[in-house]
Amino acid sequence: MPTLKRKTIDKQINCILPENLDPQALREQINSLTTTKKPVTDTQFWRYLRFIDLLTSDRRKDDNGWVMLWYKILAINLTGAYKKVIEDLKALRIIEVKQNNRGTDSYSADNDESKQYRLTDTFRDEATVLVHAFKRVDPKQPKIEIEDKKTELLLQNASTPEYNFLLSNLHKLRYDVEAVESDFEEWLAEGVRIKNVEFNEVTREMMRRTVESLNSDSVSFTIGMTGRITTDLTSSYKVLRRRLVVDGYEGEIMQADVTSAQIILMLHAMRTYRDQLTDPIATEELNQFEALLKTREFYKTLSLQLEAEGVQVSNPKTDFLRKVCNHNEKHRENPFYAAFKKLYPTVTEFLRVLKKGMSFTTVMTPVEAELFNNRIARRVYKELGSQTFIAGIYDAFIFKKDDESEILRIMNEEVYKATGLMNMVKVTTLKEESEKHITYPNRQPEPTPAPAPVVEPVVAAVALPEPQDLKDKENREVVAPVEKTKADKYSKYNLNDDDDDFEKWLNSSDETTFDPFTLTTEEQEAISRLKEETGRDLSELSPEDLKLLAEYNLSKLKKEVFEYQYY
């Protein structure tokens, strides 16, 4: 595996502790325990502070404060004494371990060698402060790179080259440390707020750790049981990613993510569910919900609908995923869920059937991971070559500006195969993504320039067409796939009764003598089924557009495209 030497921040470790936890009092309590044979040394006491720090600073904790910690990670951070540290902190009622129904320690479903820990009620919701520790970072000590047996197996498997491809690219990525530190100084001086939270010394410490992790000699890379890949990049702060650089490249780094990824990836299952319904009202509701997803303004529009029902929406995406998609039917309905259920009762029932008693995230994460890791990343590796830089952040990728058109093409094609939707990939620069989350309260807002005067053009009067019924209009529009360099390859045409080129082609035994854009057997079947199911006459399509239309509808016929194991 790659072993490129990285630059590491050499600094003293600080521990982030609850404000109401006095380190000196804690030390005295530890010394008073019967399991402590002699007073703890500074180094030994640091291990206790470090374990508490793991619980306060881990950004992956769930809503109830539980943090999953693998025993090997504990051994690396706390040496072999980690078991005594845990038992002592439990005895002092500072931490607790999640229990199963049998009353024994519960192991994580994603890694059967990890337990879940959290601070007790006394300390969990307290403000945090920095406490100086007694140990320095050893930049020569390597970090663990392979964190479970599944990851190791997949990295060694020749049939999954995309994993080694993604891992090797992480070794090319690093932070510009000087630029990051300059940002920190500026943010502290100007009282910046990150995601509406004040940037302070504690925040800076947590951010420095993510910079150090990514810039270390080796990179953490874990493939969970769901297929999701977790790395130092996925756990990094968005506001810092504008300072990422790729070795040997001075151009701009872009980010492409899929709009409402997990939501649109359930469309395949939702259409199957819809086809089994007999109630036309329920069917129409699912059609409207799908149409809403196609607008790329799903969360914004949904929040307006829910606010009209009297529901306060703070974060449309987070609220929808947590309060609707991951709602537990055993619990009391929250106002957000109740309002959504009123607006979309059939969608609500579909979600219940889809989840089969599990969380929405548990069901959809494997589907998302399959699309991004095993389809998109694999195609980039095979079609653009192993030297192409691309790094994944769950439902997004970052890449060089030079490769934007090719990567965008592959992503759009694979998203269409999985969902039937086109142009759901959004591209921004890392700088733009970072600045979305930064607020400068002390800066005066820049004055808005006065709008330019509007000059009405003089044009000849033309007769406007009669407005069409919306439903009829939807039936008349056919969307063709976007070519690599053309955004206007969509074809809209009116129905008519003429049997022209298309009928000739359908009845032709040798299509190669007719169409220079030769259609494969599968594409012929796609066009035939489209005509049969919709009753459309395709005579006005050019041979080129007919080819594009066939490719666009081909995925509907491929049974192997994105099989959903949960449905």
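Every chain's residues receive numbers from 1 upward, in the order its sequence appears when written. Where local features are concerned, this predicted model is filtered to residues with pLDDT of at least 70; where side-chain atom pairs are given and counted, the filter is 80 or more; whole-chain, interface and lining totals use all residues. Based on all heavy atoms of the structure, the side-chain values leave hydrogens and waters out of the count.

1. Describing the pattern of salt bridges
Filter applied, for reference: Salt bridges are identified by distance alone: a Lys or Arg side-chain nitrogen within 4 Å of an Asp or Glu carboxyl oxygen. Helix and strand definitions follow DSSP, with helices as H or I runs of at least four residues and strands as E runs of at least two, each counted in order from the N terminus. Burial classes: relative accessible area under 20% of the type maximum marks a residue as buried, over 50% as exposed, and values in between as partly exposed (1.4 Å probe, protein chains only).
Within the structure shown, the criterion is met by 36 salt bridges. Of the charged contacts, one joins Arg 274 and Glu 290 as a salt bridge, the two residues approaching to 3.4 Å between their closest N and O atoms. Of this pair, Arg 274 sits in helix α11 (residues 267-275) while Glu 290 is found in helix α12 (residues 280-294), placing the two residues 16 residues apart along the sequence. Comparing Arg 274 with Glu 290, the two get one shared label, buried. Members of the salt-bridge network, linked through shared partners, are Arg 379, Glu 383, Glu 406, Arg 409, Glu 413, Glu 414 and Lys 417.

2. Considerations on the packing of α11 against helix α16 (residues 345-355)
Note the cut-off: Between the N-to-C directions of two axes lies an angle of 0 to 180 degrees, each axis being a line fitted to C-alpha atoms and, for a helix, fitted only over the stretch in contact. Working rule for angles: under 35 degrees goes down as roughly parallel, over 145 as roughly antiparallel, 65 to 115 as roughly perpendicular, anything else as oblique. In this scheme the handedness of a crossing depends on how the near helix is turned from the far one: anticlockwise by less than a right angle means left-handed, clockwise means right-handed. Every residue pair with non-hydrogen atoms within 4.5 Å of one another is taken to be in contact. Charged means Asp, Glu, Lys or Arg here, nonpolar means Ala, Val, Leu, Ile, Met, Phe, Trp, Tyr, Cys or Pro, and polar covers whatever is left, Gly included.
Two elements in contact, α11 and α16, have axes separated by 11 Å at closest approach and are oriented at 110 degrees. Comparing the axis directions of α11 and α16 gives the class roughly perpendicular. In terms of crossing hand, the pair formed by α11 and α16 is right-handed. Residue-level inspection shows Ala 269, Met 270 and Tyr 273 of α11 in contact with α16, the latter providing Thr 346, Glu 349, Phe 350, Val 353 and Leu 354. Residues that form the contact of α11 with α16 fall into these classes: six nonpolar, one polar and one charged.

3. A look at the sheet that holds strand β16 (residues 438-439)
Going by this rule: Any two strands with at least two DSSP-identified bridges between them are counted as paired.
One open sheet accounts for three strands, arranged β8-β7-β16; its pairing is antiparallel. The outermost strands of the open sheet, each flanked by one partner alone, are β8 (197-198) and β16. Of the pairings in the sheet, the one linking strand β7 (residues 193-194) to β8 comprises two bridges and is antiparallel in character. Counted as the bridge partner of Ile 194 is Val 197 from β8.

4. Quick look at the packing of α12 against helix α13 (residues 298-308)
Interaxial distance between α12 and α13 falls to 8 Å at its minimum, and their mutual angle equals 125 degrees. Considering their axes alone, α12 and α13 lie oblique with respect to each other. For the pair formed by α12 and α13, the contact residues are Phe 289, Leu 292 and Leu 293 on the first element and Phe 298, Thr 301 and Gln 305 on the second. Looking at the contact of α12 with α13 residue by residue, the classes come out as four nonpolar, two polar and no charged.

5. Digging into unusual backbone geometry
Peptide bonds are, in most cases, trans, and in most cases residues other than glycine have a negative phi. Although it is not a glycine, Asn 196 adopts a positive phi angle of roughly 65 degrees. If you trace the backbone, Asn 196 turns up in the loop between β7 and β8. Although it is not a glycine, Arg 296 adopts a positive phi angle of roughly 70 degrees. Inspection of the secondary structure assignment puts Arg 296 in the loop between α12 and α13.

6. Let's talk about the packing of aromatic side chains
Aromatic rings considered in pairs are described by the distance between their centres and by the relative angle of their planes. Our working rule: Two rings from Phe, Tyr or Trp (for Trp, the six-membered ring) form a pair when their centres sit within 6.5 Å of each other. Planes less than 30 degrees apart are called stacked, planes more than 60 degrees apart edge-to-face, and all others tilted. For a lysine, the NZ atom is tested; for an arginine, the CZ atom; a charge sits over a ring if that atom is within 6 Å of the ring centre and within 35 degrees of the ring normal.
Tallied over the full model, the rule gives 15 aromatic pairs. For the pair Tyr 273 and Phe 350, a centre-to-centre distance of 5.4 Å together with 50 degrees between the ring planes defines the contact as tilted. Within this pair, whereas Tyr 273 is found in helix α11, its partner Phe 350 is found in helix α16, the two being separated by 77 residues in sequence. Using a relative accessible area of 0% as the deciding quantity, one classes Phe 350 as buried. Ring geometry for Phe 320 and Phe 340: centres 5.4 Å apart, planes at 65 degrees, overall edge-to-face. A residue pair is termed long-range when its members are at least 10 positions apart, and Phe 320 in helix α14 (residues 316-325) and Phe 340 in helix α15 (residues 335-343) qualify at 20 residues. Comparing Phe 320 with Phe 340, the two get one shared label, buried. The ring of Tyr 394 is capped by Arg 228, whose NZ or CZ atom sits 4.0 Å from the centre of that ring.

7. Quick word on the pairing of strand β4 (residues 114-119)
Counted residue by residue, β4 has five buried out of six residues, so it is predominantly covered. Of the pairings in the sheet, the one linking strand β2 (residues 67-70) to β4 comprises four bridges and is antiparallel in character. When the bridges of β4 are listed, Val 67 appears paired with Tyr 117.

8. Quick word on the sheet that holds strand β12 (residues 253-258)
What holds strands together in a sheet is hydrogen bonding between their backbones, with the strands either parallel or antiparallel. Read across the open sheet, the four strands follow the order β13-β14-β12-β15; overall the sheet is antiparallel. For this open sheet the edge positions go to β13 (390-392) and β15 (425-429), each flanked by a neighbour on one side alone. This sheet shows a mean twist of 25 degrees between the axes of neighbouring strands, independent of strand direction. Where β12 and β15 come together, five bridges link them in antiparallel fashion. Bridging from a neighbouring strand, Val 258 pairs with Val 425 of β15. Contacts between helix α17 (residues 360-384) and the sheet are confined to β12, β13 and β14 (396-400), with β14 contributing the most and set at about 15 degrees to the helix. The strands that helix α18 (residues 404-419) touches are β12, β13, β14 and β15; relative to β15, the one it contacts most, it runs at about 150 degrees.

9. Structural notes on the nonpolar core
Filter applied, for reference: Nonpolar cores were defined as sets of buried Ala, Val, Leu, Ile, Met, Phe, Trp, Tyr and Cys residues, with membership established by side-chain atoms within 4.5 Å.
In this structure, Trp 187, Leu 240, Phe 320, Phe 340 and Ile 398 are the most contacted members of the largest nonpolar core, which totals 94 residues. For this core, the leading source of residues is α17, giving nine residues. The residues touching Phe 340, leaving out its near neighbours within four places in the chain, are Phe 289, Leu 302, Leu 306, Phe 320, Val 324, Val 347, Thr 348 and Leu 351. Among the nonpolar cores identified, the runner-up in size contains 29 residues, and Cys 15, Ile 30, Leu 54 and Tyr 82 belong to it.

10. Thoughts on α16
Within α16 the residues assigned to the buried category are Thr 346, Val 347, Thr 348, Phe 350, Leu 351, Leu 354 and Lys 355. In the stretch just after α16, Lys 356 is the one whose phi turns positive, near 50 degrees.

11. A look at the side chain of Thr 428
Structurally, the position occupied by Thr 428 is in strand β15. Contact partners of Thr 428, with chain neighbours within four places excluded, come to Met 254, Gln 255 and Glu 433.

12. What to know about the confidence of the model for the protein
Filter applied, for reference: Note: pLDDT gives the predictor's confidence per residue, expressed from 0 to 100.
Mean pLDDT over the protein works out to 76, with 71% of the residues at or above the 70 mark. Mean pLDDT values for the elements of the protein range from 33 in helix α20 (residues 470-476) up to 96 in β14. Every residue in residues 1-11 is under pLDDT 50, and counting partners more than four places away or in other chains gives 37 contacts. Confidence over residues 555-567 falls short of pLDDT 50; this stretch has 37 contacts with residues more than four positions distant or in other chains.

13. Digging into the environment of Gly 357
For Gly 357, the position within the fold is in the loop between α16 and α17. Accessibility expressed as a relative area gives 78% for Gly 357, which makes it exposed. Sequence separation between Gly 357 and Lys 330 is 27 residues, and the spatial gap between their C-alpha atoms is 9.8 Å.

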